[in-house]
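Structure assessment
As a plain string of letters, each chain reads:
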Amino acid sequence: MATTKKYSDKAQDKVGKVMKEFKEGKLKSGSGDKVTSRKQAIAIGISEAKEAGLKVPKQKKSK
């Protein structure tokens, strides 16, 4: 059985806050456009968590 990736509790909270903004339609991308993709919203949350220095696992390398 593979071990799961571990995000810190604060990192999970950060992503959760970003997802709440996304669901309310208030989340904006870097260019100022409204975010319409769930995957993009999660990526923004993870990126913000990394910038804040929170524990986020390294991205899985694609083949």
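Summarised in this report is the structure supplied together with it. (Residues numbered from 1 in each chain as written. Predicted model: local features only at pLDDT ≥ 70, side-chain atom pairs only at ≥ 80, totals over all residues. Heavy atoms only, no water.)

Attention now moves to helix α2 (residues 38-51). Spanning 14 residues, α2 covers 20 Å between terminal C-alpha atoms, matching the ideal 20 Å at 1.5 Å per step. Those residues of α2 lying buried are Ala41, Ile44, Gly45 and Ala49. Buried residues of α2 fall within an arc of 135 degrees about the axis and therefore sit on the same side. The exposed set on the far side of α2, more than 90 degrees from its buried face, consists of Lys39 and Glu51. Against α1 (9-24) lie the buried residues of α2. The opening residue of α2, the one whose side-chain oxygen lies 3.3 Å from the backbone nitrogen of Lys39, is Ser37. Directly beyond the C-terminal end of α2, a positive phi value near 80 degrees is found at Gly53. (Helix = DSSP H or I, 4+ residues; strand = E, 2+ residues; numbered from the N terminus. Expected span 1.5 Å × (residues − 1). Buried < 20%, exposed > 50% of the residue type's maximum accessible area, 1.4 Å probe, protein only. Arc of directions from axis to C-beta. Contact = heavy atoms within 4.5 Å. Polar contact = N/O pair within 3.5 Å; in protein donor to acceptor, adjacent residues only side chain to side chain.)

On inspection of all chains with the given rule, the structure shows two salt bridges. With a shortest N-O distance of 3.7 Å, Glu48 and Lys14 are connected by a salt bridge. You can see Glu48 sitting in helix α2 and its partner Lys14 sitting in helix α1, a full 34 residues away along the chain. Classification of Lys14 as partly exposed rests on a relative accessible area of 28%. For Glu24, the salt bridge identified is with Lys26, shortest N-O distance 3.7 Å. For Glu24, a relative accessible area of 45% gives the class partly exposed. We classify Lys26 as exposed; its relative accessible area is 56%. (Salt bridge = Lys/Arg side-chain N within 4 Å of Asp/Glu carboxyl O.)

Okay, the layout of surface pockets next. Roughly 270 Å³ of volume is contained in the largest pocket. Taken together, Lys5, Tyr7, Lys39, Ile42, Ala43, Ile46, Ser47, Lys50, Val56, Pro57, Lys58 and Gln59 form the lining of the largest pocket. Looking at the lining of the largest pocket residue by residue, the class counts come to six nonpolar, two polar and four charged. (1 Å grid on protein atoms, 1.4 Å probe; cavity = no way out; pocket = protein on both sides within 12 Å on 5 of 7 lines; lining within 4 Å. Points joined across faces, edges and corners; volume = space filled by probe spheres on them. Nonpolar A, V, L, I, M, F, W, Y, C, P; charged D, E, K, R; others polar.)

Between its terminal C-alpha atoms α1 stretches 23 Å, which fits the 22 Å expected from 16 residues at 1.5 Å a residue. Buried residues of α1: Ala11, Val15, Val18, Met19 and Phe22, and no others. On an axial view of α1, the arc spanned by its buried residues comes to 100 degrees, and they lie on one face. Set apart from the buried face of α1 by more than 90 degrees, the exposed residues are Asp9, Lys10, Lys17, Lys20 and Lys23. Close packing links the buried residues of α1 with α2. At the C-terminal side of α1, Gly25 shows a positive phi close to 80 degrees.

Just geometry here; none of it tells us what the structure is for.
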